[in-house]
Amino acid sequence: VFKVLRVQKYDKLMQYGRNVWGLHHLTDDALVDAAIQATMDFFVEVGVKVRLRDYGIGVDSFARIADKIEANGALPLSEQKNVGKAEIIKILEACY
C-alpha cells in the first residue's frame, strides 16, 4: 500500500519514518523509502511473509480479488476514498 499510494501518503510516511523508526538524518525521499523498507524488514524479522506468492496467491487471482472487494460494496477504499479496483490491482502486484 505504501509503495502504490506513496504520493498520497508522503507526509504521513515521513512522519511515520521519523516517529516510529527514528529516521531523522535522511532527505525526504530517502526517508520515505527507508520507512517502507524498515516496515517490511520488521515483518520479515518477526516471521510474517510479506509477498503474496509466499502464501500461494498468484497474479491470476488479482482481478478476482478486486472484483470481490467491489462486489462487497467496499469501494472506494482509504481515508481519502481514492482507492478503486485499478489501485487494488496495483497494490496486489506490488505485493507479489
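Residues numbered from 1 in each chain as written. Predicted model: local features only at pLDDT ≥ 70, side-chain atom pairs only at ≥ 80, totals over all residues. Heavy atoms only, no water.

Trainee: Break down the layout of surface pockets for me, with residues and values.
Mentor: When its volume is computed, the largest pocket comes out at roughly 320 Å³. Around the largest pocket, the lining comprises 14 residues; the ones closest to its centre are Val1, Phe2, Met40, Val50 and Cys95. At the level of secondary structure, the elements contributing two or more residues to the lining of the largest pocket comprise helix 2 (28-45) and helix 4 (85-94). With four residues, the top contributor of residues to the lining of the largest pocket is helix 2. In the lining of the largest pocket, the residues fall into 10 nonpolar, one polar and three charged. (1 Å grid on protein atoms, 1.4 Å probe; cavity = no way out; pocket = protein on both sides within 12 Å on 5 of 7 lines; lining within 4 Å. Points joined across faces, edges and corners; volume = space filled by probe spheres on them. Helix = DSSP H or I, 4+ residues; strand = E, 2+ residues; numbered from the N terminus. Nonpolar A, V, L, I, M, F, W, Y, C, P; charged D, E, K, R; others polar.)

Trainee: Account for the side chain of lysine 9, naming residues and giving values.
Mentor: Looking at where lysine 9 falls in the secondary structure, it is placed in the segment before helix 1 (10-21). When its relative accessible area of 17% is taken as the criterion, lysine 9 is described as buried. In this view, lysine 9 contacts Val1 and Glu79; residues no more than four positions away in its chain are not counted. (Buried < 20%, exposed > 50% of the residue type's maximum accessible area, 1.4 Å probe, protein only. Contact = heavy atoms within 4.5 Å.)

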